[in-house]
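# Remarks on the overall topology
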Amino acid sequence: MSEIFQNIPEIKFEGSKSKNPLSFKYYDPERVVLGKKMKDQLPFAMAWWHNLGANGVDMFGRGTIDKRFGAEKEGTMEHAKAKVDAGIEFMKKLGIKYYCFHDVDLVPEADDINETNRRLDEISDYILEKTKGTDITCLWGTANMFSNPRFMNGAGSTNDVDVYCFAAAQVKKALDITVKLGGKGYVFWGGREGYETLLNTKVKFEQENIASLMKMARDYGRSIGFNGTFLIEPKPKEPMKHQYDFDAATAIGFLKEYGLDKDFKMNIEANHATLAGHTFQHELRISRINDMLGSIDANQGDIMLGWDTDCFPSNVYDTTLAMYEIVKNGGLPVGINFDSKNRRPSNTYEDMFHAFILGMDSFAFGLLKTAEIIEDGRLEKNVEERYASFDSDLGKKIRNGEATLQMLSDRALELRAPKDPVSGKQECLEGILNNIILSGTEN
Ligand code: XLS
Ligand code: NI
Ligand code: NI
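Residues numbered from 1 in each chain as written. Chains lettered and ligands numbered in written order. Predicted model: local features only at pLDDT ≥ 70, side-chain atom pairs only at ≥ 80, totals over all residues. Heavy atoms only, no water.

### Points about the nonpolar core
Counting 107 residues, the largest nonpolar core has Leu42, Trp48, Leu94, Tyr99 and Phe363 as the members making the most contacts within it. Ranked by residues supplied to this core, first place goes to helix H12 (residues 349–376) with 11 residues. For Tyr99, the residues in contact, after removing those within four places along its chain, are Ala45, Met46, Trp48, Met91, Ile127, Ile136, Thr137, Cys138, Leu139, Trp140 and Leu181. One finds Leu379, Leu429, Leu433 and Ile437 within the second-largest nonpolar core, a separate group that totals 10 residues. (Core = buried A, V, L, I, M, F, W, Y, C linked by side-chain atoms within 4.5 Å. Buried < 20%, exposed > 50% of the residue type's maximum accessible area, 1.4 Å probe, protein only. Helix = DSSP H or I, 4+ residues; strand = E, 2+ residues; numbered from the N terminus. Contact = heavy atoms within 4.5 Å.)

### Describing the site of ligand 1
With respect to spatial proximity, the complete set of residues near ligand 1 consists of Trp49, His102, Trp140, Trp189, Glu233, Lys235, Glu269, His272, Asp297, Asp308 and Asp339. Within the side chain of His272, an N or O atom sits 3.1 Å from an oxygen atom of ligand 1. The contact in question runs from an oxygen atom of ligand 1 to an N or O atom on the side chain of Asp308, over 3.0 Å. A total of 290 Å² of accessible area belongs to ligand 1 in isolation, and the protein chains cover 93% of it. Among the residues forming the shell around ligand 1, the class breakdown is three nonpolar, two polar and six charged. (Near = heavy atom within 4 Å. Polar contact = N/O pair within 3.5 Å; in protein donor to acceptor, adjacent residues only side chain to side chain. Areas by Shrake-Rupley, 256 points an atom, 1.4 Å probe, with all protein chains shown as cover. Nonpolar A, V, L, I, M, F, W, Y, C, P; charged D, E, K, R; others polar.)

### Topic: the coordination of the nickel ion (ligand 3)
At this site the nickel ion (ligand 3) is bound by Glu269 (OE), His272 (NE2) and Asp308 (OD), with donor distances of 2.0 to 2.4 Å. Read in sequence order, the donor residues coordinating the nickel ion (ligand 3) give the pattern E-x2-H-x35-D. Between the nickel ion (ligand 3) and the nickel ion (ligand 2) the interatomic distance comes to 4.2 Å, and Glu269 is a ligand of both metals. Separated by 39 residues along the polypeptide, Glu269 in strand E12 (residues 264–269) and Asp308 in the loop between strand E13 (293–297) and helix H11 (316–328) bring together distant segments of the chain. Comparing Glu269 with Asp308 shows no difference in burial state: the two are buried. (Donors = N, O, S within 2.8 Å, 3.2 Å for Na, K, Ca; no water.)

### What about the state of the cysteines?
Among covalent bonds in proteins, the disulfide is the one between the sulfur atoms of two cysteines. Inspection of the entire model under this criterion finds zero disulfides. Take Cys138: it sits in no disulfide, and the sulfur closest to it among the cysteines is that of Cys100, at 6.5 Å. Cys138 gets classed as buried once you look at its relative accessible area, which sits at 0%. Free of any disulfide, Cys311 has its nearest neighbouring cysteine sulfur in Cys100, separated by 19 Å. (Disulfide = S-S within 2.5 Å.)

### Some points on the coordination of the nickel ion (ligand 2)
Surrounding the nickel ion (ligand 2) are the protein donor atoms Glu233 (OE), Glu269 (OE), Asp297 (OD) and Asp339 (OD), at 1.9 to 2.1 Å. In this structure, the nickel ion (ligand 2) is coordinated by six donor atoms arranged in octahedral fashion, with angles at the metal of 80 to 177 degrees. (Tetrahedral: all angles 85-135°; square planar, octahedral: opposite > 155°, others 65-115°.)

### Here's the deal with the environment of Asp393
Residue position: Asp393 is located in helix H14 (residues 393–400). For Asp393, a relative accessible area of 61% translates into the label exposed. A C-alpha to C-alpha distance of 25 Å links Asp393 and Ile289, two positions 104 residues apart in sequence.

### Structural notes on the packing of helix H3 (residues 77–94) against H12
Closest axis-to-axis distance for the H3/H12 pair is 11 Å, and the angle between their directions is 45 degrees. Overall, the two elements H3 and H12 adopt an arrangement that is oblique. Helix-helix and strand crossings are classified by hand; for H3 and H12 the assignment is right-handed. Across from Phe90, Lys93 and Leu94 in H3, the residues of H12 making contact are Met352, Phe353, Phe356, Ile357 and Met360. Of the residues assigned to the contact of H3 with H12, the class counts are seven nonpolar, no polar and one charged. (Axes fitted to C-alpha atoms, helices over the stretch in contact; angles between N-to-C directions. Parallel < 35°, antiparallel > 145°, perpendicular 65-115°, else oblique. Left-handed = near helix turned anticlockwise from the far one by under 90°.)

### A short note on unusual backbone geometry
Glu238 connects to Pro239 through a cis peptide bond whose omega is 10 degrees. Mapped onto the fold, Pro239 is located in the loop between strand E10 (229–233) and strand E11 (242–243). You will see that Glu238, though not glycine, has its phi angle at about 75 degrees, which is positive. The topology assignment puts Glu238 in the loop between E10 and E11.

### What to know about the pattern of salt bridges
Counted by the stated rule, this structure contains 26 salt bridges. Note that Glu115 and Arg118 form a salt bridge whose closest N and O atoms lie 3.0 Å from each other. One end of the pair, Glu115, and the other, Arg118, are both in helix H5 (residues 113–131), three residues apart, so they sit about a helical turn from each other. Its relative accessible area of 27% is what places Glu115 among the partly exposed residues. (Salt bridge = Lys/Arg side-chain N within 4 Å of Asp/Glu carboxyl O.)

### Observations regarding a nonpolar patch on the surface
Together, Ile303, Met304, Leu305 and Trp307 make up an exposed nonpolar region whose accessible area comes to about 530 Å². On the secondary structure map, Ile303 appears in the loop between E13 and H11. (Patch = residues over 30% accessible without salt bridge, like charges linked within 9 Å, V, L, I, M, F, W, Y side chains within 5 Å.)

### Here we look at the packing of aromatic side chains
Using the criterion set out here, one finds 25 aromatic pairs in the structure. With 5.0 Å between their ring centres and 55 degrees between their planes, Phe254 and Tyr258 make a pair best called tilted. By relative accessible area, Tyr258 is classed as buried at 14%. Residue placement shows Lys202 over the ring face of Phe205; its charged tip is 5.0 Å from the ring centre. (Phe/Tyr/Trp six-rings, centres within 6.5 Å; stacked < 30°, edge-to-face > 60°. Lys NZ or Arg CZ within 6 Å of the ring centre and 35° of its normal.)

### Details of the pairing of strand E7 (residues 137–142)
Of all six residues that make up E7, five are buried, and the element is covered over most of its length. Pairing between strand E6 (residues 98–102) and E7: five bridges, direction parallel. Bridge assignment links Tyr99 to a residue of E7, and that residue is Cys138. When E7 meets strand E8 (residues 185–189), the two strands line up parallel, connected through two bridges. Paired with Trp140 across the two strands is Gly185, which belongs to E8. Taking the sense of rotation as the criterion, the β-α-β connection linking E7, helix H6 (residues 161–180) and E8 turns out right-handed. (Pairing = 2+ DSSP bridges. Right-handed = clockwise from strand over helix to strand, strands pointing away.)

Have a look at this one:
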């Protein structure tokens, strides 16, 4: 197999002083942070669709990036295999172990689903053959139930029972392929699971059908030996005006309502969090405290733009706070998928590497700073102190559920008025965080 990314060497850690754009400044895979090697703390994955598929096309213009990778034509099995070859070489050069895919990222979709399935069998054999003897494996798989016109009214939420069957068939096959490729997770992102207008929509009916599809997927997955994590990836809008999995709190409530919370967790995407009017850290925190943090789609939005821009993460303040939640979660059962794409004018192969170096370094930096936040202790100590009044006997009774309204009312009446309120010290704490972020990262 000939080299596709010629002139791109294996990317090595060179430290923050290095001026070599094709080197890691912070991601040092063997460095031990908080008792574990960085490469184990940061299970990075490549998104097949953005990295090997997205060619810069947007609503106003054709593609700008040649992603044929030596194949003659796009949309052929020759091209599908060239993408496999390119993907593996790319991951090897960056030291990335995992990839994520939608069924139709792997192969061109045929008119007849039987032929699409045959192609999926062929390409998954090819991937297994090409990754044999490497440590490259699947992080998670999913079915694309939003691009094909048949899904214009939704997949699990469709009004058409035959379309519902096509959604089920795709989920079944995508689960088969995920298991075959060793995936740790299976994702449901509700692409068109939502509505445009209530004038034509039965919301409860649609939500029940989505839950049924997920239950059938869970039962089928478990029956074929999938013991990984099912995931919901919340997003509030786009493509639909209203999407049912608005944010983590909504999706967790849905899973509990339908008895799916033992098998499913959240796949939190940074840009989806901000579209929902939350910070990335908020969505991670809500998931974590509910024991629902499974995986992340690492990217970032653009504050000037109101849509899912899927930029590579560069904001180290955000990656630090994200890594803090991930570390406090005891890591991620699944991993860190770069659901990010190059900007349209970044149209060279080299730009693909620059993008991943940026993303991987931003998260490695976030991990290093998380270790410092924990070792430094000032921020966590402040939080503990802020709630110290609940250490009193009465406070303990409230926490244990032993207090009554009468008891608490008696106390308030006895006090007449509470003590002066204590400062939340936000600016002081932000200063401490800046101080930690702006200090060095060397060993
Ligand atoms: C789109 C989603 C999608 C999912 C997988 O906004 O992020 O890429 O991650 O279907
Ligand atoms: Ni995503
Ligand atoms: Ni997205």
